[in-house]
Amino acid sequence: MHRLENQIVDSSFSAIINAPIEKIDIPTWCFNLPEKEYQGCSPAHIAAGFTTADDGTRMSINVETIGGSLMVQHYHETLGEKHHLILDSDSDVFTPNGRVTIHVTWELSVKKVDANRCQFTNRVRSYATDEMMAFLDRQGIPFELFRTQRQPMSIAHNKGETPLFAASIERAALKNSATKAA
C-alpha cells in the first residue's frame, strides 16, 4: 500500500460552517455534489461524478488539474460517518512523460463549535505508489526533488478549496433543513 517514506504531502486546512452540526452530513453532500458545485469549489476542478466499486462501495470520481498535471481520482469510501468521511484513491496523473498513479487519502470532517457553527477540516495526504517511484527513477528524478516541487501546488490547492467546500456543505445543510421544514 502506501508507505510513510513515500508521502508527498499531508495538508490540512479548516473553515467555519455556519450551520448546526446536526444538519451536516458529509457523505450525503459528497456523493450528491452537482458537477457545477464541484467546479465552483476550485478553478482547478474539471468534473465530478459518482458510481460504485465492484464490491458496492460508494465512489466519487473527480477530475482536476494540480500543478499542470491532469488527475483522475477514483475515491473509494473507506469511512462514511455523518461528520467524518475518508476516501482513498489510486489516482491517475497524466504528465508530459506519461500516465502514472499516485495514492491519495482525502479526509473531510466537522466538529461542533457552538449551537450554530462547526469547524470543517479538509485533509489531503498523497503518497507515491511503487509505479510512480519507478517512473521517477526512470527519468532520473530524485523523489525528494519531486516531493519538494509538488508540495506547494498541492497545499495551495487544498487551501483554496477548503473554504469553498465549507460554503458548499453549509448551503447543502441549510437547503436540506429548509426542505424538511417546508
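Residues numbered from 1 in each chain as written. Predicted model: local features only at pLDDT ≥ 70, side-chain atom pairs only at ≥ 80, totals over all residues. Heavy atoms only, no water.

This part covers the pairing of strand β7 (residues 117-128). The buried fraction of β7 is high, at 9 of 12 residues. As paired elements, strand β1 (residues 7-17) and β7 share 10 bridges and run antiparallel to each other. When the bridges of β7 are listed, serine 11 appears paired with valine 124. Inspection of the sheet shows strand β6 (residues 98-114) paired to β7 by 12 bridges, in the antiparallel sense. What sits directly across from histidine 103, in β7, is tyrosine 127. Once β6 ends, the chain turns through 2 residues before running back antiparallel as β7. (Buried < 20%, exposed > 50% of the residue type's maximum accessible area, 1.4 Å probe, protein only. Helix = DSSP H or I, 4+ residues; strand = E, 2+ residues; numbered from the N terminus. Pairing = 2+ DSSP bridges.)

Moving on, we come to the packing of aromatic side chains. A full pass over the atoms with the stated rule returns 3 aromatic pairs. Ring centres 5.5 Å apart and planes at 80° place the aromatic pair tryptophan 29 and phenylalanine 165 in the edge-to-face group. On the criterion of sequence distance, the pair formed by tryptophan 29 in helix α1 (residues 26-30) and phenylalanine 165 in helix α4 (residues 143-181) is long-range, its members being 136 residues apart. For the residue pair tryptophan 29 and phenylalanine 165, the accessibility class agrees, reading buried in each case. Judged by centre distance (5.1 Å) and plane angle (45°), the rings of tyrosine 75 and tryptophan 106 are tilted. Of this pair, tyrosine 75 sits in strand β4 (residues 69-81) while tryptophan 106 is found in strand β6, placing the two residues 31 residues apart along the sequence. Each member of the pair, tyrosine 75 as well as tryptophan 106, carries the same accessibility label: buried. In this structure an aromatic cluster arises from ring pairing among Trp29, Tyr75, Trp106 and Phe165. (Phe/Tyr/Trp six-rings, centres within 6.5 Å; stacked < 30°, edge-to-face > 60°.)

Turning to empty space enclosed by the protein, a few remarks are in order. To find leftover empty space, one rolls a probe the size of a water molecule over the atoms. In total, this model carries 2 cavities of 30 Å³ or more according to the counting rule given. Approximately 200 Å³ is the volume found for the largest cavity. Forming the boundary of the largest cavity are 20 residues, of which Glu64, Ile66, Gln73, Tyr75 and Val124 lie nearest the centre. Within the residue set of the lining of the largest cavity, elements represented by two or more residues are β3 (58-66), β4, β6, β7 and α4. (1 Å grid on protein atoms, 1.4 Å probe; cavity = no way out; pocket = protein on both sides within 12 Å on 5 of 7 lines; lining within 4 Å. Points joined across faces, edges and corners; volume = space filled by probe spheres on them.)

In this structure, the second largest pocket encloses a volume near 340 Å³. Ser69, Thr95, Leu136, Phe146 and Arg150 are, among the 18 residues lining the second largest pocket, the residues nearest its centre. Elements with a minimum of two residues in the lining of the second largest pocket: β5 (84-95), β6, α3 (130-138) and α4. With 4 residues, the single largest contributor to the lining of the second largest pocket is α4. Of the residues belonging to the lining of the second largest pocket, the class tally is 10 nonpolar, 7 polar and 1 charged. (Nonpolar A, V, L, I, M, F, W, Y, C, P; charged D, E, K, R; others polar.)

The next thing to look at is the environment of glycine 98. By the element assignment, glycine 98 lies in strand β6. When the C-alpha positions of glycine 98 and phenylalanine 13 are compared, they lie 31 Å apart, and in sequence the two are 85 residues distant. Once residues within four sequence positions are removed from consideration, glycine 98 is found in contact with Val93 and Phe135. (Contact = heavy atoms within 4.5 Å.)

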